[in-house]
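Coordinate analysis (summary)
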Amino acid sequence: MTLKVHNTLTRDKEEFIPRDPPKVGMYVCGITPYDETHLGHGRAYVTFDVIRRYLEYSGYEVNYVQNITDVDDKIIAKSNANRVTSNAIAEKYTQSYFEVMDKLNVKRASVYPKATEHIDEMVSWIVGLLDRGYAYVLEDGVYFEVDKFADYGKLSGKRKEEQEAGARIEVKGAKKNPLDFALWKKAKAGEPSWPSPWGEGRPGWHIECSVMSTKYLGEQFDIHGGGLDLEFPHHENETAQTEAFTGKVPWVKYWIHNGFVNVNKQKLSKSLGNFFTLKDVFEKFDPMVVRLFLLSTHYRSPINYSDVELAAAREAYGRIVKFVEDIDFLITHPPAPSLPAGRQGLKKRGGEEEGEVNVIEREDIDEELAPYRDKFMAAMDDDFNTAGAVAAIFDMIKFCRKTLDDGEAEKECLKLMKESVVGLCEVLGLKIENRKLKIENRRVEGLIVEREAARKNKDFKRSDEIREQLAEQGIEIEDTRYGTKWKAQA
RNA sequence: GGCGCAGUAGCCAAGUGGUAAGGCGGCUGUCUGCAAAACAGCUAUACGGCAGUUCGACUCUGCCCUGCGCCUCCA
């Protein structure tokens, strides 16, 4: 089986062959931290997290770079409005971003380079582009000259001649072509700025991604991702300036873009006021439910937010969790040892002749589980079809339940079923936690708190009782100067 | 105006040139003193419309209708 990836550059599904296997260099456009992280961000970063996880699962070593645009008009506007430094704004929302992503179980990137920490490199790129004749200086900054780059438009499929007729292009006089974009913006009063050959100022939006991606991944690399809305002009501009600067083509081998989150069929957006912050959504739904909801649609299709669909995802997620809980229960509650030695399992439910039990062994199950794993892989190999992959997980669960209904499973066999389901979920970044064990933990924690209180009151009788009580349940406690630790005896 | 995406059961959503994965919901059953929960079974003669290609299309082509996105900051 081979992995196929839809490449925006070729508008086709292609076999994925990294430049230098098993290494994969992957760059994803990160956030501009000026406000709370919303569901749209969630979709984007869950998408690339799944891609990253699947590549790793497939044996690749992924170097995942995600930038943080910590200097920008909106950050500056907010800092001025709130009378704090733009750095404070950026810090605050970056922190918030990580909190929320952790909840969604998005693995951390290998590195999160910040724009403000790479200003020198950006300046030298701009100098280089000027030297090479791809840029020019105006009153208010330095601009990239789109007409000097013959391939302009190759990513987005937009021809610059055709854009000029459009109504939505700004009609600024000074630029040679309306599509020319700022590499460097000269500072206005009250803006953060850095020195440059063109005076104090700050970099334009696109240059940071070119500079930072190539710095950490090399002048050419495998995957560049981001939301569909970044395809043009952001990614187009990045491509133009990078290939102009390095002279190496193609800069990026595979371009991957995720679709939007819609509400009432419209794109989530600030201007429409129809966006949900992830923190808001988590008030109503568990982050893993949100993740499953996101995974239930192919990453390139639009996905419509609705409480009804989130609730459906919650039910579905609950069924996966319930399955794992049921298996855990069977593992910890083996049936009466009236069965032949070494054989533990379930009593057959339907009434067949007594004494005749259909014992299911680990090897058999391993073999029978294979088709579901294959279905999962086939779906993921087909441009990361997470919807198909999720279906495979449900198929696997259904098969396991049916098998358990038909006969007795060895403990090893039960473990294998659990590992198989949980393992596939893990590839999708879906954490499956046994809620009952969690409650159990909470109960233990509660007793420990009670015991600590008793000790404080020198009620050692009660505290010893609790220690005894826990010990009977196989829980050992250890008092340390940092507090009481506990562990279950193996 | 240019470029592009989508239209599959009550809802969401995969998918294949040879007659439709999965989830939610609904219905029925198992379990239960009853219920709830849970689990199980069933639940699209049909894939926006009209033509065409083909032995055969939901899947390919053309046109049309509807919705959406990018071309301005945006995941």
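See the structure shown above.
Below is a short write-up of the structure. (Residues numbered from 1 in each chain as written. Chains lettered and ligands numbered in written order. Predicted model: local features only at pLDDT ≥ 70, side-chain atom pairs only at ≥ 80, totals over all residues. Heavy atoms only, no water.)

This part is about the overall build of chain A. Per the secondary structure count, chain A includes 15 helices and 17 strands. Per-residue burial over chain A gives 49% buried out of 490 residues. Contacts in chain A between residues at least 24 apart in sequence constitute 75% of all its contacts with a sequence separation of at least 6. (Helix = DSSP H or I, 4+ residues; strand = E, 2+ residues; numbered from the N terminus. Buried < 20%, exposed > 50% of the residue type's maximum accessible area, 1.4 Å probe, protein only. Contact = heavy atoms within 4.5 Å.)

Judged by pairing direction, the sheet is parallel, and its four strands sit side by side in the order S4-S3-S9-S10 without closing on themselves. The open sheet terminates on both sides in strands that have one partner only, identified here as strand S4 (61-66) and strand S10 (252-258). Mean inter-strand twist for the sheet, computed between neighbouring axes without regard to direction, equals 20°. Taken together, the six bridges between strand S9 (residues 221-227) and S10 define a ladder with parallel strand orientation. Paired with glycine 225 across the strands is isoleucine 256, a residue of S10. (Pairing = 2+ DSSP bridges. Axes fitted to C-alpha atoms, helices over the stretch in contact; angles between N-to-C directions.)

To continue, consider the pattern of salt bridges. Note on pairing: side chains with opposite charge can pair once their charged atoms come close. If you walk through the whole model with that rule in mind, you get 35 salt bridges. With a closest N to O distance of 3.3 Å, glutamate 91 and lysine 114 form a salt bridge. Remark: lysine 114 occurs in the loop between helix H3 (86-103) and helix H4 (119-131) and glutamate 91 occurs in helix H3; sequence separation between them is 23 residues. Judged by its relative accessible area of 39%, glutamate 91 falls in the partly exposed class. A salt bridge links arginine 462 to glutamate 450, with the nearest nitrogen and oxygen atoms 2.7 Å apart. Linking arginine 462 in helix H15 (residues 460-472) with glutamate 450 in helix H14 (residues 435-456), this pair joins segments that are twelve residues apart in sequence. You can call glutamate 450 partly exposed: its relative accessible area is 34%. (Salt bridge = Lys/Arg side-chain N within 4 Å of Asp/Glu carboxyl O.)

In sheet architecture, strand pairing relies on hydrogen bonds along the backbone and comes in two forms, parallel and antiparallel. Pairing is antiparallel across the open sheet formed by four strands, whose spatial order is S5-S6-S7-S8. At either margin of the open sheet sits one strand with a lone partner, and together these are strand S5 (135-138) and strand S8 (201-203). On average, adjacent strands in this sheet sit at an angle of 20° to one another, irrespective of strand direction. Here four bridges tie strand S6 (residues 141-144) to strand S7 (residues 181-186), and the two strands are oriented antiparallel to one another. By the bridge assignment for S7, tyrosine 143 is matched with alanine 182.

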